[in-house]
Amino acid sequence: MDTVQFRFYPSFDEAIQDIRSKQVDGLHFVPKQFKGRVERKYIQLYTLQLPRYTALFFNPKQAPLLKTKEVRHALGLAIDKTALMNDVLQGDGVIINSPILEGFIGYDATFHANGTDATRADELLTKAGWQKITRTEYIERRSKALREELEKAAKEETREAADTATSTDVGLEIQRQIDERLNREVPQNQDTFRAKKDALLQLTITTVTDEELAAVAERLASYWRALGIQTMVRAVNPRDVANEILRPRTYDVLLYGEIVGADPDPFPFWHSSQVDYPGLNLANFINRKADVLLEEARVATDEKTRTEKYRAFQEILRDEYPAVFLYAPTYTYAVSTDIKGIATARIVSPADRFNDIEGRYIKTKRVWKP
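Residues numbered from 1 in each chain as written. Predicted model: local features only at pLDDT ≥ 70, side-chain atom pairs only at ≥ 80, totals over all residues. Heavy atoms only, no water.

A. Molecular detail of the packing of aromatic side chains. What the rule picks out here adds up to 10 aromatic pairs. Between Tyr331 and Tyr333, the ring centres sit 6.2 Å apart and the planes meet at 40°, which makes this aromatic pair tilted. By the burial criterion, Tyr331 is buried, and Tyr333 matches it. Lying across the ring of Tyr42, Lys22 places its NZ or CZ 4.5 Å from the centre. Directly above the ring of Phe267 sits Arg298, whose terminal nitrogen or CZ lies 4.0 Å from the centroid. (Phe/Tyr/Trp six-rings, centres within 6.5 Å; stacked < 30°, edge-to-face > 60°. Buried < 20%, exposed > 50% of the residue type's maximum accessible area, 1.4 Å probe, protein only. Lys NZ or Arg CZ within 6 Å of the ring centre and 35° of its normal.)

B. Up close: the pattern of salt bridges. Per the counting criterion, the structure on display carries 23 salt bridges. The residue Asp108 makes a salt bridge to Arg311 at a minimum N-O spacing of 3.7 Å. Taken together, the residues span a long stretch of sequence, with Asp108 in the loop between strand 4 (94-95) and helix 5 (118-127) and Arg311 in helix 12 (residues 303-320) at a distance of 203 residues. The buried category is assigned to Asp108, whose relative accessible area is 18%. Of the residues examined, Arg311 reaches a relative accessible area of 37% and is grouped as partly exposed. Members of the salt-bridge network, linked through shared partners, are Arg142, Glu149, Arg181 and Glu185. (Salt bridge = Lys/Arg side-chain N within 4 Å of Asp/Glu carboxyl O. Helix = DSSP H or I, 4+ residues; strand = E, 2+ residues; numbered from the N terminus.)

C. Broad picture of the sheet that holds strand 6 (residues 192-196). Pairing within the open sheet is antiparallel, and its three strands lie in the order 5-6-7. Two strands lie at the open edges of the sheet, namely strand 5 (131-134) and strand 7 (199-200), each paired on one side alone. In this structure, strand 6 lies alongside strand 7, joined through two bridges in antiparallel fashion. Bridged to Lys196 within strand 7 is Ala199. (Pairing = 2+ DSSP bridges.)

D. Spotlight on the side chain of Asp291. Mapped onto the fold, Asp291 is located in helix 11 (residues 288-299). In this structure Asp291 comes out as buried when scored by relative accessible area, which is 3%. Not counting chain neighbours up to four residues away, the residues in contact with Asp291 comprise Trp270, His271 and Ser272. (Contact = heavy atoms within 4.5 Å.)

E. Up close: helix 7 (residues 167-185). Between its terminal C-alpha atoms helix 7 stretches 27 Å, which fits the 27 Å expected from 19 residues at 1.5 Å a residue. Where helix 7 is concerned, the buried positions are Ile174, Ile178, Leu182 and Glu185. The buried residues of helix 7 occupy an angular sector of 70° when the element is viewed end-on, so they sit on one face. Relative to its buried face, helix 7 has exposed residues pointing more than 90 degrees away, namely Thr168, Leu172 and Asn183. (Expected span 1.5 Å × (residues − 1). Arc of directions from axis to C-beta.)

F. Quick look at the sheet that holds strand 2 (residues 43-49). The sheet built from three strands is open, its strands ordered 1-12-2 with antiparallel pairing. Both outer strands of the open sheet, strand 1 (26-27) and strand 2, are each paired with one neighbouring strand and no more. As paired elements, strand 2 and strand 12 (residues 330-336) share seven bridges and run antiparallel to each other. Looking across to strand 12, one finds that Gln49 is bridged to Thr330.

G. Seen up close, the nonpolar core. Tyr53, Leu56, Trp224 and Trp270 are the most contacted members of the largest nonpolar core, which has 70 residues in total. Looking at this core element by element, the count peaks at seven residues for helix 8 (residues 211-226). Beyond its immediate stretch of four places on either side in the chain, Trp224 contacts Leu56, Phe58, Leu75, Ala78, Ile79, Leu203, Ile205, Ile229, Thr231 and Val253. (Core = buried A, V, L, I, M, F, W, Y, C linked by side-chain atoms within 4.5 Å.)

H. Structural context of the side chain of Asp265. Its place among the elements puts Asp265 in the loop between strand 10 (253-259) and helix 10 (267-270). In terms of polar contacts, Asp265 uses its side chain to reach the side chain of Arg298, at 2.5 Å. Setting aside residues no more than four positions away along its own chain, Asp265 makes contact with Arg298 and Tyr310. (Polar contact = N/O pair within 3.5 Å; in protein donor to acceptor, adjacent residues only side chain to side chain.)

I. Representation of the packing of helix 11 against helix 12. At a minimum axis separation of 9 Å, helix 11 and helix 12 run at an interaxial angle of 160°. One way to sum up the angle between helix 11 and helix 12 is to call them roughly antiparallel. Helix-helix and strand crossings are classified by hand; for helix 11 and helix 12 the assignment is left-handed. From helix 11, Lys289, Ala290, Leu293, Leu294, Glu296 and Ala297 reach across to helix 12, where they touch Arg306, Lys309, Tyr310, Ala312, Phe313 and Ile316. Partitioned by chemical class, the residues of the contact of helix 11 with helix 12 number eight nonpolar, no polar and four charged. (Axes fitted to C-alpha atoms, helices over the stretch in contact; angles between N-to-C directions. Parallel < 35°, antiparallel > 145°, perpendicular 65-115°, else oblique. Left-handed = near helix turned anticlockwise from the far one by under 90°. Nonpolar A, V, L, I, M, F, W, Y, C, P; charged D, E, K, R; others polar.)

J. Quick look at the pairing of strand 6. Sheet topology note: the strand 5/strand 6 ladder contains four bridges and is antiparallel. Residue Ile133 lies in a different strand from strand 6, and its bridge partner there is Phe193. Between strand 6 and the antiparallel strand that follows it, strand 7, lie two residues; Lys197 among them carries a positive phi value of about 55°.

K. View of the environment of Thr54. Along the chain, Thr54 turns up in strand 3 (residues 52-58). When its relative accessible area of 6% is taken as the criterion, Thr54 is described as buried. Measuring from C-alpha to C-alpha, the distance between Thr54 and Gly93 comes to 9.9 Å, with 39 residues separating the pair along the chain. Filtering out sequence-adjacent residues up to four positions away, Thr54 remains in contact with Leu213, Leu255, Tyr256, Gly257, Phe325, Leu326, Tyr327 and Pro329.

What follows is the structure in C-alpha cells.
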C-alpha cells in the first residue's frame, strides 16, 4: 500500500454505511451491538487482545461484612462467568481469574480456572453466619430499621426549625418514605434474603454509567440475589467517578476496569501504598507478603525471577479473594478482505492495530514455482 487515508464520522451509522458500500476499507472499532450490521462476506472482523481487565473490587472499609473471607469467596463463586460472557458480553472478551493476563510475565493458566459453584457459595454464607429469611421477615426488619433512621432524622429537623406539622403528618411522611425505599430496594422476584442477628446482608454494586457495565452489573446482582443477598446497582457519571467514588472510596463493591499497559506491573493496583487516591488499589488490599513480592519483582533483572514473584503474588490473591476478576475485554475492528497481511493479535492501544502495516498489501500476482 502506498498511502493510508483516515476519515472521521459523526456516528457509527454513517461509518457502517460507508464500509458496507465499500467507500472505506476499514472501521477502527466495532461495538458488539453493531457487529451484525458490519459482518459481510467481503469484510473481515479482527479481534485483538487488550492489556486491561474488568473486575469487582471489594471494599471492607465501606462494607464491614466484606472483611470475612468466606463472604468474599461466596460472592465470587456465585458468578457464572461463562454465562456472563455469552449472554451479556456476546463473546467480546476473555474470562479471567487473575490480574496477570495471557502473554505477560507471570501468566499461569492454573490461576484462570473458572470457579463457579453456587452450592458452595450458599454453604460459605451460611457458615459465615448469614442465615436465610423470608421476604416478609426481610421487609419487617428493614422497615423497622428505616423507621428508626427516619424518626431520628425527623426529631433532629424539629429541633433545628419551628415545625408546625402534626405527629400524624410526620408519621404518614415517614411511612411514605419507607414504602418508597422498599419499592426501590427490594426486587419483586427475590423471595429469599439473609440476616445475621439484627444485620441484613445488603450490598451495592457501584459502576460507571455505561451500557455494557450496566448490563454486567445487573447480571451480577441477579447471581447474588439468588443467594439471598439484597443487591442494588448504582451507576455514576464518568466525569464524577474520580471525585465522588475513587477519591473517597465510597463503594461497597466497585465494578471497574483497569488498564495494565505494556508491562503488567501489578504494583500500582495491589501494593498497600496505593490504597489512597490517586492510587489504584481499589480493593484497599493490604498484605505485607504481597507488598514484598511486588517490590522485589519491580527490581528483578531477569524474567524468571519476576515470573516466580508474580506467581507467588497470585497465590496470595487467590487465597485472600480481595476482588473477583471477570474478563479482559477485546478490541474488534473491521477490514476489507482486499487488505492482506494482517497479523497483529495483541495491542496496548487502538493505534497499535497498525503495528504490522508495513507487511500489509492489496495487489497480488501469480508467481511460477519450479
